[in-house]
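Listed here are the chains, written in short residue letters.
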Amino acid sequence: MPETDLDLLIRAAHEAGRIATRYSGREAQRWDKPDGAGPVTEADLAVNAMLEHMLPTARPGYGWLSEETEDSAARLNRDRVFIVDPIDGTRSFADGSRTWAHALAVAERGVVTAAVIYLPMRGLLFSAVTGGGAFLNGDPIRVSAPADLAQAHILAARPNLLPEHWIGRTPPAFQRDYRPSLAYRLALVAQGRFDGMLTLRPSWEWDIAAGDLILREAGGLCTDRFGAPLRFNNARPRLAGVIAGGYTVHGGLAAALDPAGTGISAH
């Protein structure tokens with residue numbers, strides 16, 4: 001029986017974990033990308049090299065988009081494309097933390113159809129395929145359903161609560177927490193451990209693609225900061241922030257956000 005896209009992504013994620021965990025985060029060579037784009041380590045590059053060989057070899061007709069590969073317009077002519085972040089949360093990896101992830105997805109005509117988020121240091125593998133539900137280590141997961149936004153526990157960086165982002169310059173009341181990996185934040189909401197996730201800054205597709213499908217298949221809603229559905233494999237692969245959660249939480253956040261806010265200072 002042919003290997004499905006999801007099976008391929010799971011196999012690739014496990015191999016990525018084997019490569020990344022050979023490196024000690026604090027001792028791995030590290031460089032800063034130009035224009036303040038953040039750090040990259042030798043582990044990021046080693047994982048990316050493996051994925052860039054393994055995945056397109058298995059699916060030669062698919063396009064390729066990765067944080068650690070120079071982008072090419074050739075992907076725009078492909079119906080299906082791999083969208084990959086070899087290590088999401090590189091700063092955490094470099095600091096020796098366990099809270100970093102491999103985020104792998106396949107998008108078809110702009111919509112993610114298969115996705116994996118794998119945290120090898122925590123033994124957590126989140127997965128989903130369109131219409132098949134969302135899973136953590138093979139067990140079904142589901143978003144939470146608090147009665148209202150005031151009871152919700154939201155993953156968001158502190159700058160998201162600055163007054164300029166909110167109608168009436170008053171952020172809604174909710175309990176706030178934070179995790180450095182965007183992919184992991186989305187997975188935690190899909191799992192129901194947190195009720196929602198919010199980031200108002202422009203976000204790269206590779207940080208979001210896998211979590212978008214996993215969260216939607218867990219019964220949640222994932223849109224940009226203006227409430228529009230997320231579309232992937234754009235010529236400029238950035239999205240206008242992300243609101244994610246169950247329908248009550250998502251609706252409460254979307255209604256409270258000022259559509260004129262820029263999101264420039266939020267993380």
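Residues numbered from 1 in each chain as written. Predicted model: local features only at pLDDT ≥ 70, side-chain atom pairs only at ≥ 80, totals over all residues. Heavy atoms only, no water.

### Quick word on unusual backbone geometry
Logical step 1: Although it is not a glycine, R109 adopts a positive phi angle of roughly 50°.
Logical step 2: Within the secondary structure, R109 is located in the loop between strand 5 (101–108) and strand 6 (111–119). (Helix = DSSP H or I, 4+ residues; strand = E, 2+ residues; numbered from the N terminus.)

### Some remarks on the sheet that holds strand 6
What links the strands of a sheet is backbone hydrogen bonding, and the strands pair in either a parallel or an antiparallel sense.
Logical step 1: As summarised here, the arrangement of the seven strands in space is 3-4-5-6-7-8-9, forming an open sheet in which the pairing is mixed. Edge positions in the sheet fall to strand 3 (63–66) and strand 9 (139–140), since each has one partner strand and no second.
Logical step 2: By the bridge criterion, six bridges tie strand 6 to strand 7 (residues 124–129) in an arrangement that is antiparallel. Considered in strand 7, the bridge of I117 is made with F126.
Logical step 3: Helix 1 (residues 5–20) contacts strand 4 (80–88), strand 5, strand 6 and strand 7 of the sheet and is inclined by roughly 30° relative to strand 6.
Logical step 4: In this fold helix 5 (residues 205–217) packs onto strand 3, strand 4, strand 5, strand 6, strand 7 and strand 8 (134–136), with an angle of close to 100° to the strand it touches most, strand 6. (Pairing = 2+ DSSP bridges. Contact = heavy atoms within 4.5 Å. Axes fitted to C-alpha atoms, helices over the stretch in contact; angles between N-to-C directions.)

### A word on the sheet that holds strand 10 (residues 153–155)
Logical step 1: Spatially, 11-10-12-16-14 is the arrangement adopted by the five strands of the open sheet, whose pairing is mixed. Looking at which strands have only one partner, the edges of the open sheet turn out to be strand 11 (175–177) and strand 14 (221–223). Across the sheet, the mean angle separating the axes of adjacent strands is 20° when strand polarity is ignored.
Logical step 2: With three bridges joining them, strand 14 and strand 16 (residues 242–245) adopt antiparallel strand pairing.

### A word on the pairing of strand 3
Logical step 1: Here strand 3 shows a buried face lined by G63 and L65 and a second buried face lined by W64 and S66.
Logical step 2: As defined by bridge partners, strand 3 adjoins strand 4 across four bridges and the pair is classed as parallel. If you follow S66 over to strand 4, its bridge partner there is V84. (Buried < 20%, exposed > 50% of the residue type's maximum accessible area, 1.4 Å probe, protein only.)

### Digging into the UniProt feature "binding site: Mg(2+)" (unreviewed entry) in the protein chain
Logical step 1: UniProt tags E67, D85, I87, D88 and D207 as "binding site: Mg(2+)" (unreviewed entry). Considering the C-alpha atoms alone, the annotated residues occupy 141 residues of sequence yet fold into one spot, their largest mutual distance being 9.5 Å.
Logical step 2: Mapping D88 onto the fold places it in strand 4.
Logical step 3: Those residues in contact with D88, other than ones at most four positions away along the chain, are W100, A101, S181, L182, A183, Y184 and D207.
Logical step 4: Here D207 is to be found in helix 5.
Logical step 5: Contacts of D207, omitting those with residues within four sequence positions, involve D85, D88, L182, A183 and L186. (UniProt positions renumbered as here; feature names shortened; annotations may be inferred.)

### Section: the domain arrangement of the protein chain
Logical step 1: The assigned domain composition of the protein chain is domain 1 (5–140) and domain 2 (153–256).
Logical step 2: Of the residues lining the interface, 41 residues belong to domain 1; the matching set on domain 2 comes to 27 residues.
Logical step 3: Between domain 1 and domain 2, the buried area comes to about 2,500 Å², and carbon and sulfur atoms account for 66% of it.
Logical step 4: Considering only the surface of domain 1 that becomes buried against domain 2, V112, I117 and F126 emerge as the three largest contributors, covering 20% of it.
Logical step 5: Applying the counting rule to domain 1 against domain 2 returns zero salt bridges.
Logical step 6: Taken together, the connections running from domain 1 to domain 2 amount to eleven residue pairs in polar contact (both at pLDDT 80 or more). (Domains from an automatic or database assignment. Buried area = accessible area lost by both parts, 1.4 Å probe. Salt bridge = Lys/Arg side-chain N within 4 Å of Asp/Glu carboxyl O. Polar contact = N/O pair within 3.5 Å; in protein donor to acceptor, adjacent residues only side chain to side chain.)

### Describing the packing of helix 1 against helix 2 (residues 42–58)
Logical step 1: The geometry of helix 1 relative to helix 2 is characterised by a closest axis approach of 9 Å and an angle of 160° between their N-to-C directions. As far as their axial angle goes, helix 2 and helix 1 are roughly antiparallel. As for how helix 1 packs across helix 2, the hand of that crossing is right-handed. Every residue of helix 2 that contacts helix 1 at L8, L9, R11, A12, E15, A16, I19 and A20 is listed here: A46, V47, M50, L51, M54, L55 and A58.
Logical step 2: Broken down by class, the residue content of the contact of helix 1 with helix 2 amounts to 13 nonpolar, no polar and two charged. (Parallel < 35°, antiparallel > 145°, perpendicular 65-115°, else oblique. Left-handed = near helix turned anticlockwise from the far one by under 90°. Nonpolar A, V, L, I, M, F, W, Y, C, P; charged D, E, K, R; others polar.)

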